[in-house]
Amino acid sequence: MHRVLDQRHSVVSTAETFGISARTVYKWLACYRTNGSAGVRDLSSRPQRSHLRLETARVELVVQLRRCRQTSPQIAGNLGRRVRQWHGCCSERDCIA
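Reading the values: the criteria
Residues numbered from 1 in each chain as written. Predicted model: local features only at pLDDT ≥ 70, side-chain atom pairs only at ≥ 80, totals over all residues. Heavy atoms only, no water. Helix = DSSP H or I, 4+ residues; strand = E, 2+ residues; numbered from the N terminus. Buried < 20%, exposed > 50% of the residue type's maximum accessible area, 1.4 Å probe, protein only. Contact = heavy atoms within 4.5 Å. Arc of directions from axis to C-beta. Salt bridge = Lys/Arg side-chain N within 4 Å of Asp/Glu carboxyl O. pLDDT = per-residue confidence, 0-100. Axes fitted to C-alpha atoms, helices over the stretch in contact; angles between N-to-C directions. Left-handed = near helix turned anticlockwise from the far one by under 90°. Nonpolar A, V, L, I, M, F, W, Y, C, P; charged D, E, K, R; others polar.

**Some thoughts on the overall build of the protein chain**
No. 1: When its secondary structure is counted, the protein chain shows six helices and zero strands.
No. 2: A buried classification covers 21% of the 97 residues belonging to the protein chain.
No. 3: At a minimum sequence separation of 6, the contacts of the protein chain that also span at least 24 residues come to 43%.

**Digging into helix α2 (residues 11–18)**
No. 1: Along α2, the positions that sit buried rather than exposed are V11, T14 and A15. Along the axis of α2, the buried residues cluster in a sector spanning 100°; they form a single face.
No. 2: Of the surrounding secondary structure, the elements contacted by the buried residues of α2 are α1 (2–5) and α3 (22–35).
No. 3: G19 sits one or two positions beyond α2 and adopts a positive phi of about 70°.

**As for the pattern of salt bridges**
No. 1: What the rule picks out here adds up to one salt bridge.
No. 2: Close ionic contact of E55 with R58 constitutes a salt bridge, the shortest N to O distance being 3.6 Å.
No. 3: E55 sits in the partly exposed class, given a relative accessible area of 45%.
No. 4: Classification of R58 by relative accessible area gives partly exposed; the value is 29%.

**Let's talk about the environment of Y32**
No. 1: Note on placement: Y32 falls in helix α3.
No. 2: The exposure class assigned to Y32 is partly exposed, which follows from its relative accessible area of 21%.
No. 3: A sequence separation of 31 residues divides Y32 from M1, and the C-alpha atoms of the two residues are 7.4 Å apart.
No. 4: The contacts of Y32, once residues within four sequence positions are left out, are M1, H2, L5, S37 and V40.

**Points about the confidence of the model for the protein chain**
No. 1: Model confidence for the protein chain is summarised by a mean pLDDT of 81, while 84% of its residues fall at 70 or above.
No. 2: Model confidence for the protein chain, summarised as mean pLDDT per element, is weakest for helix α6 (residues 83–86) at 62 and strongest for α2 at 93.

**Some remarks on the packing of helix α4 (residues 56–67) against helix α5 (residues 72–79)**
No. 1: Interhelical geometry of α4 versus α5 gives an angle of 145° and a closest axis separation of 10 Å. Two packed elements cross with a definite hand, and for α4 against α5 that hand is right-handed. Together, R58, L61, V62, L65 and R66 of α4 and I75, N78 and L79 of α5 make up the contact between the two elements.
No. 2: In the contact of α4 with α5, the residues fall into five nonpolar, one polar and two charged.

Now the structure itself:
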């Protein structure tokens, strides 16, 4: 940010120097201007919440059903969801009887 703001380099030349897009530099500048140096530190791009996340009780039900050797489609039917909406909610070790 100091390269653009203090040293008066252009956004385009700064982007080229660091191998990123000018759009990214503009985005970082906006974050820096809003939040200071804390606004441009590395943050996870992972969403804070998932609208598909299963409640704990349902995860426990999936584990029980896997222990009973039910297949993915059978479990999905019991949950009233598509397979991809719950698949991977528990680790394989949870499902071992």
